[in-house]
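Residue-level structural notes
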Amino acid sequence: NGIAYFGVDSNDTTIPGKIIAVRLSDFTIASTVTLEDNEVGVRQLFIDDAYLYAVVDRSGSRLPILVSFRQGDLARVQTFSFNGEERYVEGVAIGGSSAYFFRSGRTVDREEVAGVTRVDLSTLMRTGSLTFGADETGGTVLFDARADFGYFATNNSQIIKVRLSDLTRVGALA
């Protein structure tokens, strides 16, 4: 559609962030939406055929949310709340009608954990989750949603392979 979306943080926890739609053909601002009062930063943006999705930081909370907006008028549609083990969203991929988030955070026992969370994009409901071992946190991610796999490099030099359709760990390289 010739539009690119950008998240602009406020650099002030009392001022909401913004999402700016830029028309690429003439490099002008097509539209802007200001986030709600406590939504101060945009971590990730991604789109499907009809919607823009934003992973948003909130002041007063360490947990991000996922917000969907209609492309075009940027009307807010739905919101999804991540939980404590999903505090840091480090990568995202779309496969079919689902989004896959590589995430990390802390358990109720304050243990650092990482893993994958699957969210149905039509309902913004959590449809699956896989948590890695305690020593398998951080690192980089590669999603190959067409081949139905995600690859996760951890801070202990492992690469974990996960089948996305059923969130099954199918292998690891050390």
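Look above for the structure.
Residues numbered from 1 in each chain as written. Predicted model: local features only at pLDDT ≥ 70, side-chain atom pairs only at ≥ 80, totals over all residues. Heavy atoms only, no water.

Another aspect to go through is the overall build of the protein. A tally of regular secondary structure across the protein gives zero helices and 15 strands. Taking 2.2 N^0.38 as the reference for a compact globule, 174 residues should give roughly 16 Å; the C-alpha atoms of the protein span a radius of gyration of 17 Å, in line with that estimate. Dimensions of the protein, computed from the C-alpha atoms along their principal axes, are close to 50 × 35 × 25 Å. Split into buried and exposed, the 174 residues of the protein put 43% on the buried side. Nonlocal contacts in the protein, meaning residues at least 24 apart in sequence, comprise 30% of its contacts between residues at least 6 apart. On the protein, roughly 8,800 Å² of surface is accessible, and the fraction owed to carbon and sulfur atoms is 50%. Side-chain charges in the protein split into 17 positive and 22 negative, and the spacing between the mean points of these groups amounts to 1 Å. (Helix = DSSP H or I, 4+ residues; strand = E, 2+ residues; numbered from the N terminus. Rg over C-alpha atoms; globule rule 2.2 N^0.38 Å. Buried < 20%, exposed > 50% of the residue type's maximum accessible area, 1.4 Å probe, protein only. Contact = heavy atoms within 4.5 Å. Areas by Shrake-Rupley, 256 points an atom, 1.4 Å probe, with all protein chains shown as cover. Lys, Arg positive; Asp, Glu negative; His and termini not counted. Charge placed at Lys NZ, Arg CZ, Asp CG, Glu CD.)

A few words on the sheet that holds strand β7 (residues 76-81). Spatial ordering of the open sheet is given by β4-β5-β6-β7, a layout of four strands whose pairing is antiparallel. Looking at which strands have only one partner, the edges of the open sheet turn out to be β4 (39-47) and β7. Within the sheet, the average angular offset between the axes of one strand and its neighbour, ignoring direction, is 25°. Across five bridges, strand β6 (residues 65-70) lies against β7 in antiparallel orientation. Residue pairing in the sheet places Phe 69 in a bridge with Arg 76 of β7. (Pairing = 2+ DSSP bridges. Axes fitted to C-alpha atoms, helices over the stretch in contact; angles between N-to-C directions.)

Our next topic: the environment of Tyr 151. With respect to the element layout, Tyr 151 can be found in strand β13 (residues 149-153). A sequence separation of 22 residues divides Tyr 151 from Leu 173, and the C-alpha atoms of the two residues are 10 Å apart. Apart from the residues within four sequence positions on either side, Tyr 151 is in contact with Thr 140, Val 141, Leu 142, Ile 159, Ile 160 and Lys 161.

Tallying each qualifying case throughout the model produces eight salt bridges. Residue Asp 26 pairs with Arg 23 through a salt bridge whose shortest N-O separation is 3.9 Å. The class of Asp 26 is partly exposed, set by a relative accessible area of 44%. Overall, the relative accessible area of 32% leaves Arg 23 in the partly exposed class. Here Asp 166 makes a salt bridge to Arg 163, at a shortest N to O gap of 3.1 Å. (Salt bridge = Lys/Arg side-chain N within 4 Å of Asp/Glu carboxyl O.)

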